[in-house]
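Each chain, letter by letter, is given below.
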Amino acid sequence: MSTATNPKQPLVTHIYTADPSAHVFGDTIYIYPSHDLEHDGEDNDNGDEYQMEDYHVLSLNAIGAPCVDHGEALHMRDVPWVSKQMWAPDAIYKNGKYYLFFPARAKDGNFRIGVATGSDPAGPFHAEPDYIQGSYSIDPAVFEDDDHKVYMYFGGLWGGQLEKWQTGVFLPGAEGPSGNEPALGPRVAQMTDDLLAFAEPPQQIVILDQNGKPLTAGDTDRRYFEGPWMHKYNGLYYLSYSTGDTHYLVYATGTSPKGPFTYQGRILTPVIGWTTHHSIVEYNGKWYLFYHDASLSGGVNHRRCVKYKELQYDENGAIITMQP
Ligand code: FUB
């Protein structure tokens with residue numbers, strides 16, 4: 001283990017940013033965040049205060065370097081199927097182009113996941129005319145495995161509507177499990193080669209405790225809520241996510257990209273603000289956690305700012321818990 005590097009924070013202060021998905025393209029770390037706006041919307045359990053309309057791409061050409069804002073990369077006015085709320089995006093380089101995946105409310109008010117492509121990692125991106133068929137809920141994270149198969153992980157409770165999709169169709173009145181019932185898990189689907197569609201119906205991921213039993217819905221310190229991320233370390237798959245109303249970033253490990261995964265522990269203790277959302281990336285042989293808090297706005301939940309920190313593993317591959 002080396003001494004952790006903790007650069008100047010937050011990455012940018014001229015706009016509010018959140019939900020950072022970080023990737024290394026060439027020698028540069030590109031960060032794909034949500035772009036929080038300064039409105040005075042109602043703050044509620046449905047996420048109505050998160051009224052984002054566009055995406056900016058950020059980049060760092062070294063750890064500790066000044067962060068570059070490349071400006072607007074995609075706006076909802078240029079996405080035919082979107083009505084509002086462009087939430088946490090992710091990106092990947094494949095087939096000679098850059099893909100931006102993003103959730104938003106479609107014209108019927110339900111969250112779906114769309115895709116836009118471009119020739120530059122900083123954008124601009126050009127959206128497909130419709131959302132990915134069979135997609136629903138929020139927080140897409142795309143992961144390319146060593147065999148070059150690409151998977152999308154997604155799903156979020158409450159405002160993210162995952163409870164409503166348990167049967168595969170949207171049921172407006174559906175409630176999630178409770179108490180000792182198995183918790184809902186994130187969804188995963190392999191993508192087609194062109195990354196514009198699911199190659200298979202999404203399936204639910206199971207997260208187990210150390211005794212091999214599924215985490216329960218009442219186990220709010222550990223159960224899945226939103227913000228999935230997948231990375232591989234020493235050949236093992238690490239699924240990390242937010243516990244939502246208990247405000248932890250936690251992780252589980254498994255030997256297959258589709259799970260099952262076994263809960264391992266906490267990555268980050270609660271930040272200032274309600275939401276916590278992250279990504280994990282390797283850069284020049286070190287690992288970094290990108291995350292957000294609401295410190296820049298003095299704690300306003302929907303005016304957040306992106307930060308990063310070096311992430312370290314112990315000799316057994318366990319992630320060492322960090323404080324914000
Ligand atoms: O930014 C809007 C939503 O808040 C994201 O989709 C969630 O993960 C939470 O960070």
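Residues numbered from 1 in each chain as written. Predicted model: local features only at pLDDT ≥ 70, side-chain atom pairs only at ≥ 80, totals over all residues. Heavy atoms only, no water.

Participant: So what's going on with the packing of aromatic side chains? Which residues, and what values?
Facilitator: All chains considered together, the criterion is met by 27 aromatic pairs. Ring geometry for tyrosine 224 versus tyrosine 241: centroids 5.3 Å apart, planes at 55°, classification tilted. Of this pair, tyrosine 224 sits in the loop between β14 (207-208) and β15 (226-233) while tyrosine 241 sits in strand β16 (residues 236-242), and the two are 17 residues apart along the sequence. Across the pair, exposure class does not vary: tyrosine 224 and tyrosine 241 are buried alike. Among the aromatic side chains, those forming a connected cluster through ring pairs are Phe25, Tyr30, Tyr32, Tyr93 and Tyr98. Positioned above the aromatic ring of tyrosine 263 is the side chain of arginine 222, whose terminal nitrogen or guanidinium carbon lies 5.3 Å from the ring centre. The positively charged end of arginine 266 is found above the aromatic ring belonging to tyrosine 248, 3.6 Å away from the centroid. (Phe/Tyr/Trp six-rings, centres within 6.5 Å; stacked < 30°, edge-to-face > 60°. Helix = DSSP H or I, 4+ residues; strand = E, 2+ residues; numbered from the N terminus. Buried < 20%, exposed > 50% of the residue type's maximum accessible area, 1.4 Å probe, protein only. Lys NZ or Arg CZ within 6 Å of the ring centre and 35° of its normal.)

Participant: So what about empty space enclosed by the protein? Which residues, and what values?
Facilitator: Following the criterion strictly, the structure yields one cavity of 30 Å³ or more and no others. The calculated volume of the largest cavity comes to roughly 40 Å³. Ser21, Ala88, Pro89, Asp139, Pro140, Ala141, Gly227, Pro228, Trp229, His277 and His278 together form the lining of the largest cavity. Sorting elements by how many residues they give to the lining of the largest cavity places β15 first, with three residues. (1 Å grid on protein atoms, 1.4 Å probe; cavity = no way out; pocket = protein on both sides within 12 Å on 5 of 7 lines; lining within 4 Å. Points joined across faces, edges and corners; volume = space filled by probe spheres on them.)

Participant: If you had to explain the sheet that holds strand β20 (residues 286-293) to someone new, which residues and values would you point to?
Facilitator: As summarised here, the arrangement of the three strands in space is β19-β20-β21, forming an open sheet in which the pairing is antiparallel. Strands at the two margins of the open sheet, each flanked by one partner only, are β19 (278-283) and β21 (305-311). Strand-to-strand twist across the sheet, computed as the mean angle between neighbouring axes with direction ignored, equals 25°. One ladder, built from seven bridges, connects β20 with β21; its direction is antiparallel. Note on β21: the bridge partner recorded for phenylalanine 290 is tyrosine 308. (Pairing = 2+ DSSP bridges. Axes fitted to C-alpha atoms, helices over the stretch in contact; angles between N-to-C directions.)

Participant: Mind laying out the state of the cysteines, listing which residues take part and the relevant values?
Facilitator: Overall, the coordinates contain zero disulfides when judged by the stated rule. Cysteine 67 takes part in no disulfide bond, and the closest cysteine sulfur to it belongs to cysteine 305, at a distance of 12 Å. Accessibility expressed as a relative area gives 0% for cysteine 305, which makes it buried. (Disulfide = S-S within 2.5 Å.)

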